[in-house]
Amino acid sequence: MPRIAVVGHVEWVDFIPVSRLPRQGEVVHAEGAFARAAGGGGVVAVVLAELGAEVDFFCALGDDPLGHAAAGQLAERGVDVHVAWRAQPTRRALTLLEHGGERTIVTLGERLEPLGADDLEWGRLDGADGVYFTAGDAAALRRARQAKLVVASPRGRATLQDGPVIDALVFSARDHDESEWARRLTARTRLLVETRGFGGGFWRGESEGSWSAAPPAGETKDAYGCGDSFAAGFTFALATGEPIAEAAALGARCGARCLARAGAP
């Protein structure tokens, strides 16, 4: 069982199925709404646990009912959650799910991030097989660098510009912000990994290559978390010694599986 950590953020997400997005000023009716602990860090942590990793998740949550509910949900999914409790409210998000699986997201509130100075069990990162980083300060990233492998999302933003060099940066070509942040971080990573949804993706840096998308594991239900699921599979495979091509293939299968699930993993 590989030991893989996640250092990142959590959002409490309300998933609202709609027949279509409302027009300006329109009221639409939705049925079957539900809520999950999600966000980039939360999704990756759960998928890693499903793959069989021993997962430590370092995050920050509001000391409020939603924060405690999020920590409880993640623990129920097999994640060992290390929480820095904050006075600020837990960040929320509203995700509208259209027929065909497309998701539209509105975030509410400040993203809460773990800090290297937080009194958490950071020693768990020393010698870990891998870490996936989505949020935190420079000190948190330096603690993550104690692991054998560090994969990150460009949503780590300024922290990644100032911190140690990472092994791989996974980003979406469909996300303009991620693509721009990734461009700025080229010198801070050994490998750039660009996902293109149904178009597969490619990597470049210390080596170059591409992969094809995996077929959906069933009826397309929800695109939320597909990119994060890819990152989880990619990180898991690299942390267990697989070559980059195999890591990308596992990531693609994890993304395809997510597409056939309603809501975050």
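Residues numbered from 1 in each chain as written. Predicted model: local features only at pLDDT ≥ 70, side-chain atom pairs only at ≥ 80, totals over all residues. Heavy atoms only, no water.

**Student:** Looking at this structure, I do not really get the packing of aromatic side chains. What am I missing?
**Tutor:** Counted by the stated rule, this structure contains five aromatic pairs. Residues Phe15 and Phe34 carry aromatic rings whose centres are separated by 5.1 Å and whose planes lie at 15° to one another, so their mutual orientation is stacked. Taken together, the positions of Phe15 in strand E2 (residues 11–17) and Phe34 in strand E3 (residues 34–38) put the pair 19 residues apart, joining distant regions of the chain. A relative accessible area of 0% places Phe15 in the buried class. A residue is classified by how much of its surface remains accessible, and Phe34, at 25% relative accessible area, is partly exposed. Seen from their ring centres, Phe230 and Phe234 are 5.9 Å apart, and the 20° between their planes marks the pair as stacked. Of this pair, Phe230 and Phe234 both sit in helix H6 (residues 226–239), four residues apart, roughly one helical turn. (Phe/Tyr/Trp six-rings, centres within 6.5 Å; stacked < 30°, edge-to-face > 60°. Helix = DSSP H or I, 4+ residues; strand = E, 2+ residues; numbered from the N terminus. Buried < 20%, exposed > 50% of the residue type's maximum accessible area, 1.4 Å probe, protein only.)

**Student:** Is there a simple way to think about the pattern of salt bridges in this case?
**Tutor:** Opposite charge on two side chains allows them to pair when their charged atoms are near. Counted under the stated rule, the structure contains 19 salt bridges. Note that Arg111 and Glu113 form a salt bridge whose closest N and O atoms lie 2.8 Å from each other. Among the ionic pairs, Arg196 bridges to Glu194, the shortest N-O distance being 2.6 Å. Put simply, Arg145, Asp167, Arg190 and Glu206 are held in one network by salt bridges that share partners. (Salt bridge = Lys/Arg side-chain N within 4 Å of Asp/Glu carboxyl O.)

**Student:** I keep staring at the side chain of His9 and nothing clicks. Help me out?
**Tutor:** Here His9 shows up in the loop between strand E1 (3–7) and E2. For His9, a relative accessible area of 7% corresponds to the buried category. Among the polar contacts made by the side chain of His9, one reaches the main-chain amide nitrogen of Gly40 at a distance of 3.3 Å. When sequence neighbours within four positions are dropped, the list of residues in contact with His9 reads Ala38, Gly39, Gly40, Gly41, Gly42, Phe57, Arg111, Leu112, Thr134 and Ala135. (Polar contact = N/O pair within 3.5 Å; in protein donor to acceptor, adjacent residues only side chain to side chain. Contact = heavy atoms within 4.5 Å.)

**Student:** Mind showing me how you'd approach the nonpolar core here?
**Tutor:** Soluble, globular proteins show a tendency: their nonpolar side chains are buried together. Among the nonpolar cores identified, the biggest contains 53 residues, and Leu48, Val79, Val193 and Phe234 are the most heavily contacted of them. Among the elements that make up this core, the one with the highest residue count is H6 (eight residues). Beyond its immediate stretch of four places on either side in the chain, Val79 contacts Ala45, Val46, Ala49, Val55, Phe57 and Leu74. By size, the runner-up hydrophobic cluster in this structure holds 25 residues, among which are Phe58, Phe133, Ala152 and Ile166. (Core = buried A, V, L, I, M, F, W, Y, C linked by side-chain atoms within 4.5 Å.)

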